[in-house]
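So the chains spell out like this:
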Amino acid sequence: ISNNKLEAEGIAKIDLAFASNTSLEELGISDNGLGSDGVANMRNMLTNNTTLKKILLQYNNIGDAGALTLANYLQGNETLENVVLLEKYLRLQVCRGLMSGGQNTNLNIIFFPEDFHDAKIKAALDEWEAAKNNGQELISVPREVFEYQDAAAVKAFLKAALVEGLSANKAVKMLMVGRARAGKTSLTNSLVNDVSGLTKDDDDRATVSVEIRPWVVKDVTISIWDFAGQEEYYMTHTFFLSRRCVVVLIVDLSAYKDFDVDVYYWVKAIQAHIPGVQFFLVGTHIDNMGSEEISRIQKEIIVSFYESERRVISALEKQLEVAEESGTDMSHVREQKDRRPQILHNNVFPVSSKEMTGVPELRKLLVNHATAKEVAIRLPNSYVKLLNNIHNWGQKHPTEPILARSDIRKVIGSLGDSFQSDDDLDAALELLHLVGQILWYRENAALMDRVFASPRWVVDITKALVRHDMFRSEHGNPGIIHKLTKPDFIRAKEWSKMKDDFYKNATFDLRFLALLDTWKDVDELHRRKLVSLLKQFELIIEVPRKKKSDNVKCLVPIYLKRSFHPEFENKRFSLRKSIVSLIGGRASVQLDKHRVIWRYDMQEYFPEGIFFRLLVRCYTLGKIRFVSDQMLYANVGPDIKVVVKEDRTSSNISIACSHKTDLQLAWPAFVLYALEMENLLRTAYQGVQCGIMCVASDSRLRERELCNHEQHYDMVPPLPYMHVIFGHISAVQVGIMLRFDNIDEQLTRMSENKSGNSETYQSEFDLMAKEAFHLLERLLKNICVSNQIQVVNGRDYDAYLEAAKPEIEDKSYLGLVDVRKNYLNFEKKNELLDAEFIQSVLEVGRTLLPDLPQIETSKMAGIANYEPSAQLREERTKVNMDAAAATKLIE
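Think of each chain on its own: its residues are numbered from 1, step by step along the sequence as written. Local features in this predicted model are restricted to residues whose pLDDT is 70 or higher, and side-chain atom pairs enter the listing and the counts only when it is 80 or higher, whereas totals over whole chains, interfaces and linings include all residues. The side-chain quantities take in all heavy atoms of the structure and omit both hydrogens and water.

A. View of the overall build of the protein. If you tally the helices and strands in the protein, you get 34 helices and 21 strands. For the protein, the proportion of contacts with a sequence separation of at least 24, taken over those separated by at least 6, is 72%. We get accessible surface area from the Shrake-Rupley algorithm with a probe of 1.4 Å; when it comes to residues, only the shown protein chains can shield them. Of the accessible surface of the protein, which amounts to about 40,300 Å², a share of 47% is contributed by carbon and sulfur atoms. Think of it this way: any DSSP run of H or I at least four residues long counts as a helix, any run of E at least two long counts as a strand, and we number them from the N terminus. Contacts were defined at the residue level, with two residues in contact if any of their heavy atoms lie within 4.5 Å.

Okay, structure coming up:
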């Protein structure tokens, strides 16, 4: 009887029915609005009943109070075997109570989904039990540790906290966001200096990307991140957002005209990355406004906010109703409904940075909020000392604060005694990264050996390359690129071509970076590391080289935007030639008859830069024919066309794939691109509402008919839909499997066609071989993650192989060892990898993969025409069971 409206009163009546029921073994009461009061009314079924073995309780918002009541009732229960919860924000002390289970040794508390994995809870319980025996107080674990790190990190944190104690110092991140010239920098100056801090209203003083200002108040260090308001930077802002921060949204009240543009756009932008964000709303420039006008705008903004939120919640509830009819899992929609943005203090705070009106009061509010336990983070003393040592080292190397991971122990000296194992040290470094104090990407093979000691310096590196005035200033003056001086090591003709390529094709030679501010002080080795960092941020794409001797070139997708190049607006190009990148280009691609098209519809909020990030992820999946700021056209294998297209007017991204004769041949390629889109939404845009519309290959069903469909969200397959198609096979496995097939096809074509430059072919073999080897490493890592295997002694191929050995057949293991040995031999001799090596990688890799289900063409047609509400309305009627009906059913 899940998905009904029992609430606390209804569950009380059902509980009475359990006094006479002696046979029921499983009860599903999820999504009934029970709350903590409802759990309190479940005494009979939890304490006196002797037949119930399983209770489904998810989506009831029972909270800490309800969980504690539940834990108390379970102390005397001897028959329950499973209690399923979805309570993602319970305090760990509450989880401890739930996990103890009283005298019942068979009871399992299942936290679904696996944000709270049993291994993490048990790791915390072990440490708490030891602390309790020693008479120590239980210590809460920051959610960054519990949600994003493994069980070993939970133990490491608690051990360090219990032995070393927690630091009284607190580090807090404060984000200043809003439109350009709203007064963010002026307000930052006024808050930090406690005096008027107006900036000049001219182009040269406009904030570039992000400015970071320290603000020390008593024992709290607040880092104010002043985000530039120009549209060009919206994409880069997302890399520096974090959940544990104070968000201040600045609105220029004197220029206020439209709620959606001036306020709600920014609320949705932050909500997209930090679901459930709580923020201060501050109105600036009030010195020339009357009190009545200020009050009117304040009221209009607050009323408009709640009206907009009601509309969004209503749309989400409608989607949940559709999902209920189809029986599909829409937990991501439910989470978006439950985690809505909130205006702190339910008010717009009016201030004037010129006259300091309202600034002292705002200052006090911000400091009080920043020091609250939900925002400020307390770290073990050893973690704080580690951070201080790294920061001190960075200050001694201000032009290049990049520290080799292997040198960390030299830097921290005697402090190393607090981190006896590398795993403990890695756990500390990863937490410092998660809270934004350092940058360390342990899962990125190209970056795992480097620690970036200064996030501020990384911001400087980023904004030296991505800035609004790279080609021209806002007032039309020459941009940064025109002020660069030709270096001696580049010939005049080559220098002219380098600048031309950057301006017209958005591509740059790596040597170009050595001329930019901040970059010029970095050595060549670390410049390559920083290029890898920008790739991690999905800001650039490394363009494949035709020859190994060619200079490395990178594409900056954001510079494909027409706003950077107004003279190219509406220019058309022929697709007969192979075009790598195209500024302002418009082109149409004729898809073949057998096609599949999915449209990802983001009507409520279309994130700035999402297409460019998708472009980075998809660039190497096929042979690029054409790419612009709105479209990617590629060939994947023979006769397969793929088009990824952004339509900002309709707020959607479409992925289309076609084949001349058989849709099934195009399907694996389509899956690869769709998985990239869905993974991007899942990992980077959790707060974005996205529906998927499917367009069939049948000529009678046109896209425009679907666009005009009255109920836009009636055609919404569950997201991610790929999991429905492939069942237990993970997205990582599917992606690697299909990429193996793609490499195999490329290898076959190259073997059949021997014409062309042999050196070019050899270079392509080398690139393919390295990619295949990297995919094999990812596959081994996936085996470790899927089987919850703790990886020690590094995060590379050898470490993953040894850790995964128990899960791999002997024959496969020997093959993996041989592949590694051959790879090292090629590297040692400085030789290019060959086709034979590629075949050996593909052969051993496929032994680790499950069989891919065959998708029949008829099933594909069904997927393309998927319309759950239309199909299921006739078969199902919605059940709204009241308490009386539910009681009767139980009896």
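We are not done yet, so read on.
B. The pattern of salt bridges, seen in detail. Take a side-chain nitrogen of Lys or Arg and a carboxyl oxygen of Asp or Glu: if they are within 4 Å of each other, that pair is a salt bridge. Counting across every chain of the model gives 26 salt bridges. Lys-520 is the partner of Asp-517 in a salt bridge, and the nearest nitrogen-oxygen pair spans 3.6 Å. Measuring nitrogen to oxygen at the nearest pair gives 2.7 Å for the salt bridge that ties Glu-538 to Arg-613. Taken as a pair, Glu-538 in the loop between helix 22 (524-536) and strand 14 (541-543) and Arg-613 in helix 23 (residues 610-618) lie far apart in primary sequence, 75 residues in all. Each of Arg-405, Asp-426, Glu-430 and Arg-442 takes part in salt bridges that share partners, so that together they form one network.

C. Expanded view of empty space enclosed by the protein. The definitions used throughout rest on a 1 Å grid laid over the protein atoms alone, on which a cavity is an enclosed set of points accommodating a 1.4 Å probe that cannot get out and a pocket is an open set flanked by protein within 12 Å on both sides along at least five of seven lines; lining residues are those having an atom within 4 Å of a point. Grid points are joined across faces, edges and corners, and a volume is the space filled by probe spheres set on the points. In this structure the tally under the stated criterion is 5 cavities of 30 Å³ or more. Lining of the second largest cavity is provided by Tyr-264, Lys-268, Gln-271, Ala-272, Val-312, Arg-340, Glu-604, Tyr-605, Gly-687, Val-688 and Gln-689. With 4 residues, the single largest contributor to the lining of the second largest cavity is helix 11 (residues 259-273). Gly is put with the polar residues, along with every residue not named as nonpolar or charged; the nonpolar set is Ala, Val, Leu, Ile, Met, Phe, Trp, Tyr, Cys and Pro, and the charged set is Asp, Glu, Lys and Arg. Here the lining of the second largest cavity is composed, by residue class, of 5 nonpolar, 3 polar and 3 charged.

D. Looking closely at the sheet that holds strand 13 (residues 507-509). When DSSP finds two or more bridges between a pair of strands, those strands are recorded as paired. The strand order 13-15-14 describes an open sheet built from 3 strands, whose pairing is antiparallel. Sheet topology places strand 13 and strand 14 at the edges, where each strand pairs with a single neighbour. Across this sheet, the average inter-strand angle for adjacent strands is 35°, counted without regard to direction. Pairing of strand 13 with strand 15 (residues 553-555), which is carried by 3 bridges, proceeds in the antiparallel orientation. Directly across from Thr-507, in strand 15, lies its bridge partner Leu-555. Axis definition: a line fitted to C-alpha atoms, limited for helices to the stretch in contact. Angles are taken between N-to-C directions and run from 0 to 180 degrees.

E. Layout of the packing of helix 9 (residues 184-193) against helix 14 (residues 359-370). With their axes 10 Å apart at the nearest point, helix 9 and helix 14 run at an angle of 75° to one another. Viewed along their axes, helix 9 and helix 14 adopt a mutual orientation that is roughly perpendicular. Across the interface between the two elements, Leu-187, Ser-190, Leu-191 and Val-192 of helix 9 pack against Val-359, Leu-362, Arg-363 and Leu-366 of helix 14. Classifying every residue of the contact of helix 9 with helix 14 by side-chain character gives 6 nonpolar, 1 polar and 1 charged. An angle below 35 degrees is read as roughly parallel, one above 145 as roughly antiparallel, one from 65 to 115 as roughly perpendicular, and any other as oblique.

F. View of the environment of Ser-304. With respect to the helices, strands and loops of the structure, Ser-304 is situated in helix 12 (residues 291-326). Only protein chains enter the accessibility calculation, which uses a 1.4 Å probe. A residue is then buried if its area is under 20% of the maximum for its type, exposed if over 50%, and partly exposed in between. By relative accessible area, Ser-304 is classed as buried at 15%. For the pair Ser-304 and Tyr-264, spaced 40 residues apart in the sequence, the C-alpha separation amounts to 8.9 Å. Here Glu-300 takes part through its backbone oxygen, which lies 2.7 Å from a polar atom of the side chain of Ser-304. Pairs of N or O atoms within 3.5 Å make up the polar contacts considered here, provided that, within protein, one atom can donate a hydrogen while the other can accept it, and that residues adjacent in sequence are counted only when both atoms are side-chain atoms.

G. Focus on the confidence of the model for the protein. Averaged over every residue, the pLDDT of the protein is 76; residues scoring 70 or more account for 74%. The predictor attaches a confidence to each residue, and that confidence, scored 0 to 100, is pLDDT. When mean pLDDT is taken per element in the protein, strand 9 (residues 278-284) scores highest with 92 and helix 25 (residues 703-707) scores lowest with 32. Low pLDDT, under 50, characterises residues 568-585; the predicted model gives this stretch 55 contacts beyond four residues in sequence or across chains. This model gives residues 696-729 a pLDDT under 50, and the stretch forms 88 contacts once residues within four places in sequence are excluded.

H. Region of the structure containing the pairing of strand 7 (residues 220-227). Of all the 8 residues making up strand 7, 6 are buried; the element is thus mostly covered by neighbouring parts of the structure. The hairpin formed by strand 6 (residues 210-217) and strand 7 contains 2 residues between the paired strands, and Lys-218 there has a positive phi angle of roughly 55°.

I. Structural view of the packing of aromatic side chains. The aromatic pairing rule takes the rings of Phe, Tyr and Trp, using the six-membered ring of Trp, and pairs them if the centres are within 6.5 Å, calling planes under 30 degrees apart stacked, those over 60 edge-to-face and the rest tilted. In total, this model carries 19 aromatic pairs according to the counting rule given. The interplanar angle of 65° and the centroid separation of 5.7 Å between the aromatic rings of Tyr-265 and Tyr-605 together place this pair among those described as edge-to-face. On the criterion of sequence distance, the pair formed by Tyr-265 in helix 11 and Tyr-605 in the loop between strand 16 (594-601) and helix 23 is long-range, its members being 340 residues apart. Look at Tyr-265 and you get partly exposed, because its relative accessible area is 21%. Ring centres 5.1 Å apart and planes at 80° place the aromatic pair Phe-305 and Tyr-306 in the edge-to-face group. Residue class for Phe-305 comes out buried when judged on its relative accessible area of 2%. Aromatic ring contacts, followed pair by pair, group Phe-259, Tyr-264, Phe-279, Phe-305 and Tyr-306 into a single cluster.

J. Seen up close, the side chain of Asp-15. Here Asp-15 is to be found in helix 1 (residues 7-17). In this tally, Lys and Arg are treated as positive and Asp and Glu as negative; His is ignored, and so are the chain termini. Within the buried set, Asp-15 has no salt-bridge partner at all; the shortest N-O distance to an opposite charge, 6.9 Å, is to Arg-43.

K. Region of interest: unusual backbone geometry. In this structure, Glu-7 is a non-glycine residue whose phi angle is positive, near 55°. Topologically, Glu-7 is positioned in helix 1. With a phi angle near 50°, Asn-61 is a residue other than glycine that sits in the positive phi range. With respect to the element layout, Asn-61 can be found in the loop between strand 2 (54-56) and helix 4 (63-74). In this structure Asn-61 comes out as exposed when scored by relative accessible area, which is 55%.

L. Seen up close, helix 15 (residues 381-396). For helix 15, which comprises 16 residues, the first-to-last C-alpha distance of 23 Å matches the rise-based estimate of 22 Å (1.5 Å per residue) to within 8%. Turning to helix 15, its buried residues are Ser-382, Tyr-383, Val-384, Leu-386, Leu-387, Ile-390, Trp-393 and Gly-394. Residues of helix 15 that are buried make contact with helix 8 (151-164), strand 11 (402-404), helix 16 (408-412) and helix 17 (422-434). The span one expects for a helix is its residue count, reduced by one, times 1.5 Å.

M. Structural view of the nonpolar core. The biggest cluster of nonpolar side chains holds 91 residues, and the ones touching the most others in it are Phe-502, Phe-508, Tyr-600, Met-602 and Tyr-673. The biggest single contributor to this core is helix 24 (residues 663-684), with 14 residues. Ignoring any residue separated from it by four or fewer positions in sequence, one finds Met-602 in contact with Pro-607, Ile-610, Ser-651, Ile-653, Met-677, Leu-681, Val-688, Gln-689 and Cys-690. Tyr-800, Leu-801, Leu-833 and Leu-849 belong to the second-largest nonpolar core, a separate cluster that totals 38 residues. For this analysis, a nonpolar core means a set of buried residues of the types Ala, Val, Leu, Ile, Met, Phe, Trp, Tyr and Cys, connected via side-chain atoms within 4.5 Å.

N. Representation of the packing of helix 18 (residues 455-465) against helix 22. One can describe the packing of helix 18 onto helix 22 by two numbers: an axis separation of 11 Å at closest approach and a directional angle of 80°. Between helix 18 and helix 22, the angle is such that the two are roughly perpendicular. Mapping the contact onto sequence places Trp-457, Val-458, Ile-461, Thr-462 and Leu-465 in helix 18 and Leu-530, Leu-533 and Leu-534 in helix 22. When its residues are assigned to classes, the contact of helix 18 with helix 22 shows 7 nonpolar, 1 polar and no charged.

O. Local environment of helix 4. Between its first and last C-alpha atoms helix 4 spans 16 Å; for 12 residues at 1.5 Å apiece the expected length is 16 Å, and the two agree. The complete set of buried residues in helix 4 reads Gly-66, Ala-67, Leu-70, Ala-71, Tyr-73 and Leu-74. Within helix 4, the buried residues cover an arc of 160° as seen down the axis, which keeps them to one side. This arc is taken over the directions from the axis of the helix to the C-beta atoms.

P. Highlighting the environment of Pro-455. Within the secondary structure, Pro-455 sits in helix 18. Beyond its immediate sequence surroundings of up to four residues, Pro-455 is in contact with Trp-225, Gly-436, Gln-437 and Ile-438.

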